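# A closer look at the structure
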Amino acid sequence: MVLSDIYQELREAIIKIETNKLETLKEEVLETPDIDVDKLVENIRSGLEEVGIKFEAGEYYLAELILIGTEISEAVEKWKPLLEKKKAKEKVRKAVIGTVEGDIHDIGKNIVGMMLTSIGFEVIDLGNDVTADKFVEAVKEKSPVIVGMSALLSTTRDGIKKTLDALKENGLRDKVKVIIGGAAVDDDFAKTVDADGYASNAAEAVPLVEKLLGGL
Ligand code: B12
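For the structure given in this document, a descriptive report is provided here.

So, how was this worked out
Residues numbered from 1 in each chain as written. Predicted model: local features only at pLDDT ≥ 70, side-chain atom pairs only at ≥ 80, totals over all residues. Heavy atoms only, no water. Near = heavy atom within 4 Å. Polar contact = N/O pair within 3.5 Å; in protein donor to acceptor, adjacent residues only side chain to side chain. 1 Å grid on protein atoms, 1.4 Å probe; cavity = no way out; pocket = protein on both sides within 12 Å on 5 of 7 lines; lining within 4 Å. Sits in = over half its atoms within 2 Å of the grid points. Helix = DSSP H or I, 4+ residues; strand = E, 2+ residues; numbered from the N terminus. Nonpolar A, V, L, I, M, F, W, Y, C, P; charged D, E, K, R; others polar. Domains from an automatic or database assignment. Points joined across faces, edges and corners; volume = space filled by probe spheres on them. Axes fitted to C-alpha atoms, helices over the stretch in contact; angles between N-to-C directions. Parallel < 35°, antiparallel > 145°, perpendicular 65-115°, else oblique. Contact = heavy atoms within 4.5 Å. Left-handed = near helix turned anticlockwise from the far one by under 90°. Donors = N, O, S within 2.8 Å, 3.2 Å for Na, K, Ca; no water. Salt bridge = Lys/Arg side-chain N within 4 Å of Asp/Glu carboxyl O. Buried < 20%, exposed > 50% of the residue type's maximum accessible area, 1.4 Å probe, protein only.

### Examining the site of the ligand
Every one of the 35 residues lining the ligand counts as a neighbour, but Glu56, Ile104, His105, Asp106 and Ser150 are closest to it. Contacts to the ligand include Ala202, whose backbone N or O atom sits 2.9 Å from an oxygen atom. In this structure the site holding the ligand corresponds to the largest pocket. Of all elements in the fold, only helix H3 (37–56), helix H4 (62–78), helix H6 (107–118), strand E3 (146–150) and strand E4 (177–181) reach the threshold of two or more residues within the shell around the ligand. Among the elements that line the shell around the ligand, the one with the most residues is H3, at seven residues. Partitioned by chemical class, the residues of the shell around the ligand number 18 nonpolar, twelve polar and five charged. Per-domain counts for the shell around the ligand show at least three residues from each of domain 1 (3–83) and domain 2 (94–213).

See below:
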């Protein structure tokens, strides 16, 4: 397949929730040389965004959302070696990441984790539905330099503020740079809650971290 077609086909298969096609693409992506990881991730994101719009419009139901969510989680897991390929440096610095309390969306957070791994971080992934206390415990135990929080629901994004407050209460806020992302947040929200930075996608998370740490 021509390389540029594979991204487009992936996006369309996601939008149409073509599971057979996606099964084939899972293998094809691995077998295709010179896959551009940023383009791959962007097409996953934009395909799923369309699914979200169709869900909102009542064209898709929760069952379809679950189906595509599972498919893409599996694909991302399968493509992990590809996403982590850039890995070059010795892992010394740590990043703790998680999706905030009440929120089980983890596809985007997982991709961000893989990107951070690819630039040499040891990533401690707390998973999804992570309480402020769990973030605090992990920061105490693991001493990361980065904490990354994901929130996709407008009802859960306050979990970010809760976690930032809990880090402050425990005297840990100055020890870490906190970055946030996910469909429920933006740059303004990041400023409002005093996070150190926001990235709208996994590729942008890399220069953001670089900027916050003064280099990689
Ligand atoms: C797949 C999906 C699901 C799957 C999730 C599966 C999984 N394992 O993650 C399932 C079916 C479980 C699900 C459930 C629900 N969902 Co849902 N879901 C989606 C959907 C379609 C795609 C999300 C996704 O994976 N996108 C692809 C990834 C790659 O993109 P991303 O998450 O944006 O991540 C990128 C960036 O944001 C950024 N990023 C993300 N996190 C972080 C973190 C950091 C630190 C940084 C720097 C960057 C960063 O980098 C990522 C990679 O580039 C979205 C639509 C949308 N527009 O987002 C709705 C959406 C988020 N869901 C929605 C809803 C309403 C729900 C439910 C409440 C439905 C219900 N009635 O039960 C439940 C909630 C369950 C819960 N408690 O969390 C709404 C939220 C509306 C709102 N404003 O609150 C959306 C927006 C759909 C819609 N348009 O209505 N969902």
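From this point on, the discussion continues.
### A closer look at the layout of surface pockets
Each pocket or cavity is described by its volume, and for the largest pocket that value is around 1500 Å³. For the largest pocket, the lining is made up of 46 residues, of which Leu48, His105, Gly108, Leu152 and Ala183 are closest to its centre. Those elements that place two or more of their residues in the lining of the largest pocket are H3, H4, H6, E3, E4 and helix H10 (202–213). Split by residue class, the lining of the largest pocket holds 27 nonpolar, 13 polar and six charged. Taken as a whole, the second largest pocket encloses approximately 170 Å³ of empty space. Considering the residues around the second largest pocket, the lining is formed by Ser73, Val76, Glu77, Lys80, Glu84, Asn110, Gly113, Met114, Thr117, Val123 and Asp125. For the lining of the second largest pocket, the secondary structure elements donating two or more residues are H4, H6 and strand E2 (122–125). Class assignment of the residues belonging to the lining of the second largest pocket gives a composition of three nonpolar, four polar and four charged. Both domains that furnish three or more residues to the lining of the second largest pocket are identified here as domain 1 (3–83) and domain 2 (94–213).

### Focus: the packing of H3 against H6
The N-to-C vectors of H3 and H6 enclose an angle of 170 degrees; their axes lie 12 Å apart at closest approach. Taken together, H3 and H6 sit at an angle that is classed as roughly antiparallel. Two secondary-structure elements touch here, H3 through Val37, Asp38, Val41 and Leu48 and H6 through Ile107, Ile111 and Met115. Classifying every residue of the contact of H3 with H6 gives six nonpolar, no polar and one charged.

### Focus: the packing of H6 against H10
One way to put it is that H6 packs onto H10 with a least axis distance of 9 Å and a crossing angle of 45 degrees. Here H6 is positioned oblique relative to H10, judged by the angle of their axes. Relative to H10, H6 is oriented so that their crossing is right-handed. Residues Ile111, Val112, Met115 and Leu116 of H6 form the contact with H10, whose own contacting residues are Ala202, Ala205, Val206 and Val209. Among the residues forming the contact of H6 with H10, the class breakdown is eight nonpolar, no polar and no charged.

### Looking at the coordination of the cobalt atom of the ligand
Of all protein atoms, just one serves as a donor to the cobalt atom of the ligand, and that atom is His105 (NE2), at 2.3 Å. Residue position: His105 is located in the loop between strand E1 (94–99) and H6.

### Here we look at the pattern of salt bridges
The full count for this structure, using the stated rule, is 13 salt bridges. Across the salt bridge formed by Asp165 and Lys161, the nearest N and O atoms sit 3.0 Å from each other. Within this pair, Asp165 and its partner Lys161 are both found in helix H8 (residues 158–169), separated by four residues, close to a single helical turn. Under the relative-accessibility criterion, Lys161 is labelled partly exposed at 38%. Residues joined by salt bridges that share partners form a network here, namely Glu23, Lys26, Glu71 and Glu74.

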